[in-house]
Amino acid sequence: QVQLVESGGGLVQAGGSLRLSCAASGLSIRAMGWFRQAPGKERDFVATINWSGAITDYADSVKGRFAISRDNAKNTVYLQMNSLKAEDTAVYYCAAVRGSFASNDRAQYTYWGQGTQVTVSS
């Protein structure tokens, strides 16, 4: 049974930092991604990382502020979020691709976590 469990969300002031974690079980090591969904909006791409961690990609809105990484020994993916802004407020979802390659396309992701709320107060 595949499970993706996110943690690390919470309430933070603008300019602050949070680190999200996604613990995966029941699936082979593969490319992973983070997406986010604000109320009344679509689920948008945030960051992706390939199976080894050598290749990453980010949405323009988070480049230079967020960093995705992984620890394959722990089967865990992280999202370090710095210089947070009010517009970063959303539910953040971890997801696993159906294939091997990192992707910013939501349709390429097969498995999803339940999401973790991030709220940034201005």
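Since the model is a prediction, treat every value here as computed from it, not as a measurement.

Definitions and cut-offs
- Residues numbered from 1 in each chain as written.
- Predicted model: local features only at pLDDT ≥ 70, side-chain atom pairs only at ≥ 80, totals over all residues.
- Heavy atoms only, no water.
- Disulfide = S-S within 2.5 Å.
- Helix = DSSP H or I, 4+ residues; strand = E, 2+ residues; numbered from the N terminus.
- Buried < 20%, exposed > 50% of the residue type's maximum accessible area, 1.4 Å probe, protein only.
- Core = buried A, V, L, I, M, F, W, Y, C linked by side-chain atoms within 4.5 Å.
- Pairing = 2+ DSSP bridges.

Caption draft 1: Structural detail: the state of the cysteines. If you walk through the whole model with that rule in mind, you get 1 disulfide. Note on cysteine connectivity: cysteine 22 is disulfide-linked to cysteine 94, with sulfurs 2.0 Å apart. Here cysteine 22 and cysteine 94 share a disulfide; its torsion about the S-S bond, -75 degrees, makes the bridge left-handed. Here cysteine 94 lies in strand 9 (residues 90-97) and cysteine 22 lies in strand 3 (residues 18-25), a separation of 72 residues in the sequence. The residues cysteine 22 and cysteine 94 share a single accessibility class, namely buried.

Caption draft 2: Representation of the nonpolar core within the structure. Judged by nonpolar contacts, the single largest core of 33 residues is most densely connected at Trp34, Leu79, Met81 and Tyr92. Contributing elements (two or more residues each) for this core: strand 3, strand 4 (32-37), strand 5 (43-49), strand 7 (66-71), strand 8 (76-81), strand 9 and strand 11 (116-121). With 6 residues, the single largest contributor to this core is strand 9.

Caption draft 3: Examining the pairing of strand 1 (residues 3-7) more closely. Of the two faces of strand 1, only one is covered, namely that formed by Leu4 and Glu6; the face formed by Gln3, Val5 and Ser7 stays uncovered. Summarising the sheet, strand 1 and strand 3 pair through 5 bridges and their orientation is antiparallel. The residue of strand 3 that forms the bridge with glutamate 6 is cysteine 22.

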